[in-house]
Amino acid sequence: MEIFVDALPALSSAWGQILQPMVLGYLVLGVCMGLTIGVFPGLGGIAGLSLLLPFMFGMDPVLGLALMIGMIAVVPTSDTFASVLMGIPGSSASQATVLDGFPMAKKGRAARALSAAFASSLFGGLVGAAFLTIFILVARPVVLLFKSPELLMVSIFGLSMVGILAGRIAIKGIVAAGLGLLVGTIGEGPFNGELRMSSYDYPYLTDGLKLVIVGLGIFAIPEIVALLRKDKAISDRQVIGGGWFDGIKDWWANKWLSMRCSLIGVVVGVIPGLGGSVVDWIAYGHTIQTSKDKENFGKGDVRGVIGPESSNNAKEGGGLVPTLLFGIPGSGSMAVFIGALALLGNGIDVGPSLLENNLDFTYSIVWLLALANVVGTVLCIALSGGIARLTNIRFALLAPFIFMIIAFAAFQSGQNLMDLVALFAIGFLGILMRRFDWSRPAFLIGFVLSTPVENYSNNANQIAGIRFRQGWDAGMDYLFSWITIALIVLTVVSVIVGLRQAKNIMAEGDVPSGGKRAPLVFLLAVIGFIGFALWNTSSIPDYAATDRVFPVFVASVSLAGALILLVQMMLKPETHTLFADGERSADAADNSFGLWPTLAWFAFLLGLTALAGFIIALAVFLVSFFRVRAGINWATTLILSGAGLAFIMAMAWVLNRDFPPGVLQSYFDLPWPFT
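Residues numbered from 1 in each chain as written. Predicted model: local features only at pLDDT ≥ 70, side-chain atom pairs only at ≥ 80, totals over all residues. Heavy atoms only, no water.

Draft legend 1. Summary view of the environment of F157. Looking at the element boundaries, F157 is found in helix 8 (residues 148-164). For the pair F157 and T491, spaced 334 residues apart in sequence, the C-alpha to C-alpha distance is 5.1 Å. (Helix = DSSP H or I, 4+ residues; strand = E, 2+ residues; numbered from the N terminus.)

Okay, here's the thing in structure tokens:
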């Protein structure tokens with residue numbers, strides 16, 4: 001009871017912070033943005049939050065928080081549109097919804113499926129927020145006991161879950177996480193400033209890669225390219241029909257199923273790295289197992305919508321537990337969220353210090369999450385008709401605008417033309433990882449955790465050395481507290497269980513196998529980079545050994561895992577899941593355009609930007625793309641191109657941002673926006 005009494009001032013202060021018109025306005029804006037992002041399959045919360053990152057600099061912390069939470073809360077709700085109306089998973093957390101939601105839509109019961117899904121999402125989101133409220137109060141005294149060894153073990157636990165529960169081939173997940181960790185160490189070392197995998201001849205890399213670029217590149221670009229290659233609308237259906245109230249009645253009739261699946265979502269969300277890739281399948285499996293009549297599942301049973309949708313919204317509340325309490329992202333979107341909080345400044349940092357010094361801010365997150373779920377559900381129902389029509393627009397008419405915004409957002413992270421080059425390079429890596437069934441969430445979470453894991457390990461090592469000089473018992477007590485021992489046991493158990501379950505988890509969906517050459521070439525490229533990283537960081541001199549230890553260890557483990565994969569590829573037949581290749585799927589066979597011609601358009605924009613600056617390049621790109629690639633008439637081409645240019649210039653003017661310059665700007669004194 002004393003815990004609750006101590007927290008009351010922070011609880012009331014949190015309500016005071018968020019119940020302001022400006023804060024609520026930003027919350028609604030975030031919800032609208034999340035609704036827009038969630039409609040497009042594959043973009044999801046990671047891409048949406050990555051777009052927001054550049055605009056977090058200098059923003060009022062509570063306003064920035066409202067904007068982000070609004071987006072985080074509504075994406076798992078709005079991605080239902082793609083799953084139900086198109087038969088395409090809107091995100092990794094809505095794969096199971098397709099199995100029964102899409103058949104319901106084909107039977108003319110799309111409205112019933114959507115309303116049941118929205119009601120379930122709302123309930124799941126509120127359960128997640130309620131759990132987070134109680135858990136923070138109860139866990140706060142324990143969390144404040146966490147020191148560097150405990151935080152290091154939590155990070156290792158999160159990485160172990162990410163690596164093993166990231167795909168059908170466990171070692172692939174481990175190597176993907178290691179690859180992310182290595183990419184996160186590029187640049188100057190944090191302790192002695194020694195360069196790692198970079199050079200002062202290319203100063204851009206000395207500061208390392210920015211999270212916004214990695215997040216957008218690894219997730220958004222692969223999905224944009226995949227949809228663009230199809231050269232058709234996302235969906236050929238827009239009729240939703242009636243039955244909105246029937247869906248809500250369906251949810252009420254299955255409210256206990258919704259409760260159980262919401263709790264499953266919370267538990268899965270708490271486990272770092274597990275998140276969206278598995279939560280809907282666990283909930284769907286539970287739904288079938290606990291149902292007496294199973295014959296309609298997969299044919300349009302509304303319970304197959306209610307179960308997964310309850311869990312995937314509840315997981316956001318659960319995912320905030322490790323994120324806020326330990327600074328360990330519970331999912332890919334939480335990884336970006338951590339980076340965004342750091343940009344808000346004002347001394348706000350996730351982990352034990354957040355609960356100790358900013359408890360009111362912590363509860364602002366909780367209340368905003370609950371409010372955003374309510375607002376998001378209402379807007380999803382109100383805007384369903386218009387959203388259904390949006391999915392019938394040819395994606396070739398939408399892709400240039402999406403890429404325009406992504407390129408603009410990426411440039412704002414460092415105000416350097418090389419930001420766009422890095423975006424293109426990481427995007428190409430994301431395309432290949434998606435194609436060959438390598439876990440992109442594992443890579444992203446590894447990237448985010450690289451800095452804290454290195455800092456925790458170094459701090460723990462230094463302090464332990466001091467304690468051991470004081471006495472053996474003092475050193476052992478510091479390193480092996482009861483919390484550390486419990487986390488070690490939990491990590492070992494999770495690895496054992498994860499190895500058994502990994503074969504049932506699909507990192508990038510059901511990717512078919514066949515053909516050794518392409519997957520083998522990609523693996524050899526990965527081995528080449530890891531080998532270079534190992535050689536490069538091993539050459540750091542002894543006086544700066546603290547900058548060397550972490551990347552050398554990660555590269556050694558990753559290289560061992562990659563070599564094991566190489567040996568397995570030599571021994572296994574090409575039908576084995578090791579040789580997963582998305583280009584061999586039936587879906588890929590329907591593509592109207594190849595990968596290279598599609599990428600050539602974005603390379604064209606990049607090259608022209610380097611020569612003439614972003615605005616001139618964008619104007620040429622939009623006109624060329626709409627006229628040649630989309631094949632529309634000149635009048636429509638000029639109208640759409642003008643609208644895109646006006647929008648991006650208005651956004652830059654309002655936010656006081658610049659555009660990437662080119663060689664032209666160094667020879668001529670041009671006015672804004674050409675400068």
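Moving on from the coordinates now.
Draft legend 2. Highlighting the pattern of salt bridges. One pass over the full model with this rule turns up four salt bridges. Across the pair E454 and R196 runs a salt bridge, and its minimum N-O distance is 2.7 Å. With E454 in helix 21 (residues 440-470) and R196 in strand 2 (residues 195-196), this pair connects stretches of sequence that are 258 residues apart. Put simply, R435 and D581 hold a salt bridge, and the shortest N to O gap is 2.7 Å. One end of the pair, R435, is in helix 20 (residues 418-435); the other, D581, is in the loop between helix 25 (546-571) and helix 26 (586-589), with 146 residues separating them in the sequence. (Salt bridge = Lys/Arg side-chain N within 4 Å of Asp/Glu carboxyl O.)

Draft legend 3. Structural context of the nonpolar core. M68, I69, F337, W438 and I530 are the most contacted members of the largest nonpolar core, which has 171 residues in total. For this core, the element with the most residues is helix 19 (residues 395-412), which contributes 14 residues. In terms of domain composition, this core takes at least three residues from each of domain 1 (2-17 + 48-393 + 439-510) and domain 2 (596-667). The contact partners of I69, leaving out residues within four places of it in the chain, are F337, I365, L368, L369 and A372. (Core = buried A, V, L, I, M, F, W, Y, C linked by side-chain atoms within 4.5 Å. Buried < 20%, exposed > 50% of the residue type's maximum accessible area, 1.4 Å probe, protein only. Domains from an automatic or database assignment. Contact = heavy atoms within 4.5 Å.)

Draft legend 4. Examining the packing of aromatic side chains more closely. Applying the stated criterion to the full structure yields 15 aromatic pairs. For the pair F123 and W251, a centre-to-centre distance of 5.5 Å together with 55° between the ring planes defines the contact as tilted. Here F123, found in helix 7 (residues 110-143), pairs with W251, found in helix 11 (residues 244-253); they are 128 residues apart in sequence, far enough to count as distant. Consider the rings of F428 and W596, whose centres lie 5.6 Å apart with planes at 40°: the pair is tilted. (Phe/Tyr/Trp six-rings, centres within 6.5 Å; stacked < 30°, edge-to-face > 60°.)

These results come straight from atomic positions and should not be treated as a statement about function.
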